[in-house]
Amino acid sequence: MLRQYLTPAFLRHLVISDGALVVLIIIYNLLAMLIPIVKLTWLTGLCIFILINVILIGLKVVIPLLNQR
Amino acid sequence: MNNKQKQFILLTTAMFAVIVLIFNIHAYVDSSRFISGASRPSQVLNVNRLRHPNINKPSEHRHYLDLSKQGQLRLIMVPGLNRLYVLSGQRVVYIMHTRTNIQRRALTSQGHHGQQVAHVNSDHTLAGRNWSALSHQCYIIAPATVDQDHVAKDWLKTAFAFPNSIQLSQPDAQWLQSLPKNTKIIIR
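Treat the numbers as computed from the prediction; the structure is a model and nothing was measured.

**Student:** Outline the overall build of chain B, listing residues and values.
**Tutor:** Within chain B, the secondary structure is distributed over three helices and 10 strands. Counting from the amino terminus, helix and strand elements in chain B follow one another as α-α-β-β-β-β-β-β-β-β-β-α-β. The C-alpha radius of gyration computed for chain B amounts to 20 Å, which surpasses the reference 16 Å derived for 188 residues by more than 25%, pointing to a less compact arrangement than a globule. Summarising its shape, the C-alpha atoms of chain B cover approximately 70 × 40 × 25 Å along the three principal directions. Sorting the 188 residues of chain B into buried and exposed places 31% on the buried side. Here the contacts in chain B between residues at least 6 apart in sequence split such that 60% fall between residues at least 24 apart.

Dropping the structure here:
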């Protein structure tokens, strides 16, 4: 049933945005060495990564599914 | 890259910014990460410059400052965080990884220092480098060997203990030898 929402195109978009996310986390940590903002530990980085993926999949899959019901 | 992919990246960036903002606000408001009596931005700045504890390297990714040029110099040791803060007035100028077995008290630097010292107790022979004397028969030292074995890189986790000492990495201990006489060191 989920297959109609988790399409190959959606998964491709997810991989592309995940790549951007990893780059953002790296850039942020490099920036945190220069200006006073809080540095992300690898665990916090992983939390953010998982959280954003959950939100993205939630937006694309769970909400249409709930709407349909 | 098509429009949908661009939208996805934009969405990710926006969400990253929002979540990072939440993490930053949470970390900034959480007072257990900070010491009182020092500005928080300077603490965040120096914590971000910390490297992993290494007995042979300075604690921060930067050059040491000239301690004699700092006004209102004082040091605050927080055993719970394993950190020694060097303050100039209300501003933290350097943070060091450190370990101590001295109980909560205020010490002052005595102005004399040396290269090597050894401590022998019933079980072990400990050798240290770059020591500086403090009041109450306490001292700052860089641990070097235990029973003629070199101290592990992360000396904070090793099981030996110099009595009445603040244990730092070797470059940090060498730098603190230039601490002006009668500088306050508070152990919280």
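**Student:** Mind laying out the packing of helix α2 (residues 42-68) of chain A against helix α1 (residues 3-29) of chain B, listing which residues take part and the relevant values?
**Tutor:** The geometry of α2(A) relative to α1(B) is characterised by a closest axis approach of 10 Å and an angle of 135 degrees between their N-to-C directions. Judged by the angle between their axes, α2(A) and α1(B) are oblique. Where α2(A) crosses over α1(B), the two elements pack in a sense that is right-handed. Across from A:T44, A:I48, A:L51, A:I52, A:I55 and A:L56 in α2(A), the residues of α1(B) making contact are B:L11, B:T12, B:M15, B:F16, B:I19 and B:F23.

**Student:** An account of helix α1 (residues 8-32) of chain A is needed here, citing residue identities and associated values.
**Tutor:** Note that an α-helix has 3.6 residues per turn; residues three or four places apart therefore point the same way. Between the first and last C-alpha of α1(A) there are 36 Å, a value that for 25 residues agrees with the 36 Å anticipated at 1.5 Å per step. Where α1(A) is concerned, the buried positions are A:H13, A:S17, A:L21, A:L24 and A:A32. Of the surrounding secondary structure, the elements contacted by the buried residues of α1(A) are α2 of chain A together with α1 and α2 (40-48) of chain B.

**Student:** So, α1(B): which residues are in play, and what are the values?
**Tutor:** End to end, α1(B) covers 39 Å across 27 residues, agreeing with the expected 39 Å (1.5 Å per residue, within 8%). All of the buried residues in α1(B) are B:F8, B:T12, B:M15 and B:F16. Next to the buried residues of α1(B) lie α1 and α2 of chain A.

**Student:** Give me the lowdown on the pairing of strand β2 (residues 83-88) of chain B, citing residues and values where you can.
**Tutor:** Residue and element names in this part refer to chain B. With five of six residues buried, β2 is to be regarded as a mostly interior element. Where strand β1 (residues 73-78) meets β2, six bridges bridge the pair, whose relative direction is antiparallel. When the sheet's bridge partners are listed, M77 is paired in β2 with L84. The antiparallel pairing of β1 with β2 creates a hairpin that spans four residues between the two strands, and N82 there sits at a positive phi of about 55 degrees. As defined by bridge partners, β2 adjoins strand β3 (residues 91-97) across six bridges and the pair is classed as antiparallel.

**Student:** Help me get a handle on the domain arrangement of chain B, residues and values and all.
**Tutor:** You can read the domains of chain B as domain 1 (1-33) and domain 2 (38-187). Each of domain 1 of chain B and domain 2 of chain B was reduced to a C-alpha centroid, and the two centroids are 37 Å apart.

**Student:** So what's going on with the environment of B:I166? Which residues, and what values?
**Tutor:** Counting through the fold element by element, B:I166 comes out in strand β9 (residues 165-167). With 26 residues separating them in the primary sequence, B:I166 and B:I140 have C-alpha atoms 4.7 Å apart.

**Student:** How would you sum up the nonpolar core? Please name residues and give values.
**Tutor:** By size, the foremost hydrophobic cluster in this structure holds 31 residues, and its most contacted members are B:Y85, B:I140, B:I141 and B:L168. Those elements that place two or more of their residues in this core are α2, β1, β2, β3, β6 (125-134), β7 (139-146) and α3 (170-176) of chain B. When sequence neighbours within four positions are dropped, the list of residues in contact with B:Y85 reads B:I35, B:A38, B:L75, B:I76, B:V92 and B:I95. Counting residues in each nonpolar core, the second largest holds seven residues, with A:L24, A:I48, A:I52 and A:L56 among its members.

**Student:** So, the interface of chain B and chain A: which residues are in play, and what are the values?
**Tutor:** Between chain B and chain A, the contact holds 21 residues from the first and 19 residues from the second. Sort the elements by how many residues they give to the side of chain B that touches chain A and α1(B) lands first, with 15 residues. For the side of chain B that touches chain A, the residue count by class is 13 nonpolar, six polar and two charged.

**Student:** Could you give an account of the confidence of the model for chain B, with specific residues and numbers?
**Tutor:** All names here are of chain B. For chain B, per-residue confidence averages 86 on the pLDDT scale, and 100% of positions sit at 70 or higher. Looking across chain B, the model is least confident in strand β8 (residues 149-150), with a mean pLDDT of 82, and most confident in β3, with 92. Our summary of model confidence lists the complex with pTM equal to 0.78 and ipTM equal to 0.84.

What counts and how
Residues numbered from 1 in each chain as written. Chains lettered and ligands numbered in written order. Predicted model: local features only at pLDDT ≥ 70, side-chain atom pairs only at ≥ 80, totals over all residues. Helix = DSSP H or I, 4+ residues; strand = E, 2+ residues; numbered from the N terminus. Rg over C-alpha atoms; globule rule 2.2 N^0.38 Å. Buried ≥ 20, exposed ≤ 12 C-beta atoms within 10 Å, placed from the backbone. Contact = placed C-beta atoms within 7 Å. Axes fitted to C-alpha atoms, helices over the stretch in contact; angles between N-to-C directions. Parallel < 35°, antiparallel > 145°, perpendicular 65-115°, else oblique. Left-handed = near helix turned anticlockwise from the far one by under 90°. Expected span 1.5 Å × (residues − 1). Pairing = 2+ DSSP bridges. Domains from an automatic or database assignment. Core = buried A, V, L, I, M, F, W, Y, C linked by C-beta atoms within 7 Å. Nonpolar A, V, L, I, M, F, W, Y, C, P; charged D, E, K, R; others polar. pLDDT = per-residue confidence, 0-100.

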